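Chains, contacts and geometry: an overview
The primary structure of each chain is shown beneath.
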Amino acid sequence: MNKHRKAAVAGMFYPDVCSEIKHMFDHFDKAMPNIALDVIPRALIVPHAGYIYSGYTANLAYHYTASKCSDVERLVVIGPSHRIYVAGASIALLEAYHTPCGEIEIDLAFSYALKRKFAFLDFHPMAHEEHSTEVQMPFIRQYFKHAKVVEIVYGDISHSELSTLIDEVLSDEKTLVVISTDLSHFYTEEEANKLDHTCIEAISHLDLHALSHGCEACGITGVKAMVQSALSHNFQAHFLDYRTSYAHSKDASRVVGYTSFVIG
């Protein structure tokens, strides 16, 4: 078995050349506003579309977090499966994650320990050709060069089950949780703004009930799991950015929404 997680969507969702990725990150950094927060993030909620659409929104969360948490040792990246059916969730039992800017070590010992503890975790290699988790890795390689990663791709699982895993991960203060999600898909810009505002308000207020009534997100299970864990840890959710694909495409007829938060 190949022991490396090869990049499946490099050249599609993000450049397959390191210098081009770094150029995009530099562009995002130059456009960053001053973020008037003073919180030590324990988790992020970030989008997972192509970088031309959602890279700026995701970069805000990674850049801010790196400025506050330079000693992060491990990032646990949790995203929904778009390609195949997964019963429960799949954890990557591989040694390294390939990115165009170099490899990231997968924390295999930690991954095996999680798999032993949680019955809903298994390893389905096909699940790990998933873009919702992969697009996060170049950001991690950029901002947390010495950290290891854990990749979890979930499918048919309740948010409460997933929250128990997040609680376990958060018990280590040097570990950062990354929740990957986009918001509404293929509404008009006006309709998307209304739907997505519901999600953003619900996350901001850690309101599980509101997340189940009117919020559309492909990673809704991960978001709800994170909100449940945030409530039990007395964390707060801090909004960073919202935009839709219209900002790049200028097509207001069918848009996808993106947001980013830091939680701590």
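Above this text sits the structure in question.
Now for a description of the structure that goes with this document. Please read these numbers as outputs of a predicted model, since none were measured by experiment.

Remarks on the side chain of Ser111
- Locating Ser111 in the fold gives a position in helix 3 (residues 108-117).
- For Ser111, a relative accessible area of 0% puts it in the buried group.
- A polar side-chain atom of Ser111 sits 2.9 Å from the main-chain carbonyl oxygen of Asp107.
- If near-sequence neighbours (up to four positions away) are discounted, Ser111 is found in contact with Ile91, Ala92, Leu93, Ile106 and Val150.

Some details on helix 3
- Turning to helix 3, its buried residues number three or more, namely Phe110, Ser111 and Leu114. Down the axis of helix 3, the sector holding all buried residues measures 100°, keeping them to one side. What points out from helix 3, more than 90 degrees from its buried face, is the exposed set Ala109 and Arg116.
- Against the buried residues of helix 3 lie strand 3 (74-80), strand 4 (89-91), strand 7 (121-122), strand 8 (148-154) and helix 6 (159-170).

Regarding the environment of Asp71
- Structurally, Asp71 is set in the loop between helix 2 (51-68) and strand 3.
- Taking the relative accessible area as the measure of exposure, Asp71 reaches 43% and is therefore partly exposed.
- Separated by 76 residues in the primary sequence, Asp71 and Ala147 have C-alpha atoms spaced 8.4 Å apart.

Comments concerning the state of the cysteines
- For the structure on display, the rule yields 2 disulfides.
- Through a disulfide, Cys199 is tied to Cys215; the S-S separation comes to 2.1 Å. Judged by the sign of its S-S torsion, about 110°, the cystine formed by Cys199 and Cys215 is right-handed. In this pair, Cys199 is assigned in helix 7 (residues 189-204) and Cys215 in the loop between helix 8 (208-211) and helix 9 (220-232), connecting sequence segments 16 residues apart. Both residues of the pair, Cys199 and Cys215, count as buried.
- Cysteines bonded in the protein are numbered consecutively along the chain; their disulfide partners then correspond to 1-2, 3-4.
- For Cys218, which is in no disulfide, the shortest distance to another cysteine sulfur is to Cys215 and amounts to 10 Å.
- You can call Cys218 partly exposed: its relative accessible area is 28%.

What about the nonpolar core?
- Residues Tyr62, Ile78, Phe144 and Ile152 are the most contacted members of the largest nonpolar core, which totals 84 residues.
- At 8 residues, the largest contribution of residues to this core is made by helix 2.
- Other than its neighbours up to four places away in sequence, Ile78 contacts Thr133, Ile152, Tyr154, Leu162, Leu165, Ile166, Val177, Val178, Ile179 and Ser180.

Quick word on helix 2
- Largest kink in helix 2: about 30°, centred on Thr57.
- For helix 2, the tally of buried residues reaches 13 of 18 residues, placing the bulk of the element in the interior.

Rules of the game
Residues numbered from 1 in each chain as written. Predicted model: local features only at pLDDT ≥ 70, side-chain atom pairs only at ≥ 80, totals over all residues. Heavy atoms only, no water. Helix = DSSP H or I, 4+ residues; strand = E, 2+ residues; numbered from the N terminus. Buried < 20%, exposed > 50% of the residue type's maximum accessible area, 1.4 Å probe, protein only. Polar contact = N/O pair within 3.5 Å; in protein donor to acceptor, adjacent residues only side chain to side chain. Contact = heavy atoms within 4.5 Å. Arc of directions from axis to C-beta. Disulfide = S-S within 2.5 Å. Core = buried A, V, L, I, M, F, W, Y, C linked by side-chain atoms within 4.5 Å. Bend = angle between axes of the 7 residues up to and from the residue.

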